[in-house]
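Structure at a glance
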Amino acid sequence: MLNAVKATSSIFARINRQPSFSTLMIPAASTKMPATRSRRLRPKGPPATRGMGTAATAAAPVPRAPAAGAPSNRDESHFSSRRFADAPISEASKKGIKHKNLSDVQAATLDYALSGLDLLVQAKTGTGKTLAFLLPAVERLSQMELASRKISMLVLSPTRELALQIEEEARTLIENHPFRVAHAIGGTNMNATAKRIIEEPPRILIATPGRLNDHLENTTGFRHLFSDLRVIVYDEADRLLDQGFRRELDRILTYLPDKTKVKRQALLFSATVSDEIKVIAKSALASNYKFISTLRADEVNTHEHVPQQSIIVPFAQHMAASLAFLQQDRIMNKGASKAIIFLPTARLVGFWFEAISKLPAGLLPPTLVEIHSRKSQPQRTKAAEKFKSAKEAVLLSSDVTARGMDFPNVTLVLQPGLPPNSEQYIHRLGRTARAGASGRGMLVLDQSESFFLRERIISGLGITPVPAAPAAGLYHLTPAALADATAAVHAALPQVSREAKGQAYRAFLGVYNSSLKGMGWTRDDLVRHGNQFAVSALGWTEPEMPSIDRRTIGKMNLKGIQGLNVVTSEPRPPRGQGGRGGR
Ligand SMILES: Nc1ncnc2c1ncn2[C@@H]1O[C@H](COP(=O)(O)OP(=O)(O)OP(=O)(O)O)[C@@H](O)[C@H]1O
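Residues numbered from 1 in each chain as written. Predicted model: local features only at pLDDT ≥ 70, side-chain atom pairs only at ≥ 80, totals over all residues. Heavy atoms only, no water.

The chain has the name ATP-dependent RNA helicase in an unreviewed UniProt entry, where Mycena belliarum is given as its organism. Of the chain, the UniProt comment under Sequence similarities (unreviewed entry) reads exactly: "Belongs to the DEAD box helicase family." As recorded by UniProt, the Function (unreviewed entry) comment attached to the chain reads in full: "RNA helicase." (UniProt positions renumbered as here; feature names shortened; annotations may be inferred.)

Take a look at the structure:
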């Protein structure tokens, strides 16, 4: 432990003696970040538009030109030369738009959406899909004879934070329209929301599926507000159409008016639209819908100007490696480093937050926040606001902020451990490099997780291994820097609560229990690796492993597997409002 304290103080001392660089830092020689390798895979030309219900037609080509007034280092490839000032939209909308030129997805979809067609739209993360669906919908509503005191537009969001963000963007757009917008999301007071919406029905409602169903089924008069619904939007459509939300969505649709009686436009948007989703999406779209994608046939679905790297280190060093990369990001971005660390579950976020909070103050930026489903909604909202407004910060998060969230100036997205799937890897990475800004992605995997790098979509993204010595345009990690960071983490672990360690241990078993095949593990391997993780990554020192409830063992199909400390604990009280995302 002594050398751990020494190493911690040495890192700490080195940080404070900026700009001298320690083993954790990159040598002065390569502090200049030269232009990263550009992997231009995209031939120039109009975005692809394929009408699934009708003959394929190409969208009007979207000429590319730098948007006036854009910051010089912004990647302009997602902005068109088409100006909002020249677009066929009302003055009221133009006053509510803070941008000069349409982005590529806005230019590619505006005319189709204004015509009232149903759309399924794919465009890269951070390229303006929110305004791409809000603007034409608001424009069409402003031209219609709408029933009074009715909700005319419903936007569905898979998470509460994203719903609140869409509401804010809608509020800005409609400030000169005679419309109001409101939200209905989980984790907030249901009666207060019901009262507000019934008494003053908004023209536009942004909702998470679970809470919307609660209102449709239990709030008197709520379902009648939708009797004149003209537009429904599925933001992060692939997430809303996957198994997790399917039942909620089907129930919502039963409460909406028959589309043959009240014509209703459906707009489905996401950065990831698999062939399977295209089939499922048909149930939500009119037969003559258009599929519009701003990605060209062979184009990767991430931003070419964003370096993506990966490193293989044991689970026990995931936190240390992440700490070392955070340090490099702070040096590279000189006091403006904003990093998000995505972890697979709320419990693992909680453990990392506790452990990182115990590191010496100088090692990390002053603002460290956590967002996950085990925090109350007010705590989650406060943390999101704090991270949004911070100049330098670290956000530890589960996937509740992986999609859609528009945190400004995120410089680094760290993904320690196996992402749930390729799509989620892309959405998490999309929290950086938004609207053409720069950014960087870092994937930290154990050897047993390395199969993820060979997955079809991932292997095509050009993720570069982290070099063990400085290399232009890349973050590196020397063995000495990793050792320093490991010592700093080990010095912090004894101060982390036993409860957080036990929860992280059970989370590890749960997360990897659903990836046994990819990991090449048997259930015995899982428990063996879990127990190693408890000691080497969590700093568990007791002879008995952390306990795990008999029922949980049953659910994980781990009955009879050696090495588990199985207990029969008291039945848990029912979960509070802070349940799973989507309510
Ligand atoms: N035409 C535009 N010009 C410049 N910036 C824009 C334009 N349209 C949107 N933006 C900005 O780009 C950022 C990303 O927009 P938005 O969140 O809608 O992206 P998105 O495509 O929905 O991303 P994600 O796939 O992550 O949901 C926001 O800060 C938004 O204000």
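In this section: the site of the ligand. Neighbouring residues of the ligand: 20 residues in total, closest Asn101, Lys129, Thr130, Asp406 and Arg431. Take lysine 129: an N or O atom from its side chain is 2.6 Å from an oxygen atom of the ligand. Contact distances for the ligand include 3.2 Å between an oxygen atom and a side-chain N or O atom of glutamate 236. The fraction of the free accessible surface of the ligand (630 Å²) that becomes covered by protein chains is 91%. (Near = heavy atom within 4 Å. Polar contact = N/O pair within 3.5 Å; in protein donor to acceptor, adjacent residues only side chain to side chain. Areas by Shrake-Rupley, 256 points an atom, 1.4 Å probe, with all protein chains shown as cover.)

It is worth spelling out the sheet that holds strand S12 (residues 338–342) at this point. Within the open sheet, the seven strands sit side by side as S13-S14-S12-S15-S16-S11-S17. Their pairing is parallel. What marks the edges here is a single partner per strand, and that holds for strand S13 (367–371) and strand S17 (464–465). Where S12 and strand S15 (residues 412–416) come together, three bridges link them in parallel fashion. In the sheet register, isoleucine 341 faces S15, and the bridge partner there is leucine 414. Helix H14 (residues 422–429) rests against strand S11 (308–312), S12, S15 and strand S16 (441–445) of the sheet, and its axis sits at about 150° to S15. (Pairing = 2+ DSSP bridges. Helix = DSSP H or I, 4+ residues; strand = E, 2+ residues; numbered from the N terminus. Contact = heavy atoms within 4.5 Å. Axes fitted to C-alpha atoms, helices over the stretch in contact; angles between N-to-C directions.)

Positive phi is not limited to glycine here, since glutamate 236 has a value of about 55°. Considering the arrangement of structural elements, one finds glutamate 236 in the loop between strand S8 (231–235) and helix H8 (237–240). When its relative accessible area of 5% is taken as the criterion, glutamate 236 is described as buried. Even without being glycine, lysine 334 reaches a positive phi, approximately 35°. Here lysine 334 shows up in the loop between helix H11 (318–332) and S12. Using a relative accessible area of 60% as the deciding quantity, one classes lysine 334 as exposed. (Buried < 20%, exposed > 50% of the residue type's maximum accessible area, 1.4 Å probe, protein only.)

To continue, consider empty space enclosed by the protein. The full count for this structure, using the stated rule, is three cavities of 30 Å³ or more. A volume near 200 Å³ is recorded for the largest cavity. In terms of lining residues, the largest cavity is bounded by 21 residues, among which Phe315, His318, Leu348, Trp352 and Phe533 are the most central. Listed by contribution, the elements that provide at least two residues to the lining of the largest cavity are H11, helix H12 (346–357), helix H16 (479–492), helix H17 (498–513) and helix H19 (523–536). Along the lines of polarity and charge, the residues of the lining of the largest cavity split into 16 nonpolar, five polar and no charged. (1 Å grid on protein atoms, 1.4 Å probe; cavity = no way out; pocket = protein on both sides within 12 Å on 5 of 7 lines; lining within 4 Å. Points joined across faces, edges and corners; volume = space filled by probe spheres on them. Nonpolar A, V, L, I, M, F, W, Y, C, P; charged D, E, K, R; others polar.)

Let us now look at helix H4 (residues 129–142). Structurally, the α-helix is built with 3.6 residues per turn, so residues lying three or four positions apart point the same way. The first and last C-alpha atoms of H4 sit 20 Å apart over 14 residues, in line with the 20 Å expected at 1.5 Å per residue. In terms of burial, H4 is a largely internal element, 13 of the 14 residues being buried. (Expected span 1.5 Å × (residues − 1).)

Most of S13 is tucked away: five of the five residues are buried. Direction of pairing for S13 relative to strand S14 (residues 393–397): parallel, over a ladder of five bridges. By the bridge assignment for S14, glutamate 370 is matched with leucine 396. Between the parallel pair S13 and S14, the chain is carried across by helix H13 (residues 377–389), and the sense of this crossover is right-handed. (Right-handed = clockwise from strand over helix to strand, strands pointing away.)

Turning to the nonpolar core, a few remarks are in order. Formed by 80 residues in total, the largest nonpolar core has its most connected members in Phe325 and Phe351. Within the second largest apolar cluster, 58 residues are counted, among which are Ala87, Ala113, Ala163 and Ile206. (Core = buried A, V, L, I, M, F, W, Y, C linked by side-chain atoms within 4.5 Å.)

The sites that UniProt annotates as "domain: Helicase C-terminal" (unreviewed entry) are residues 327–474. Here residues 327–474 runs as 29% helix and 18% strand, with 14 Å between its end C-alpha atoms.

Our focus in this paragraph is the UniProt feature "domain: Helicase ATP-binding" (unreviewed entry) in the chain. Following the UniProt record, the feature "domain: Helicase ATP-binding" (unreviewed entry) maps to residues 110–291 here. Helix makes up 42% of residues 110–291 and strand 16%, whereas the separation of the span's terminal C-alpha atoms amounts to 13 Å.

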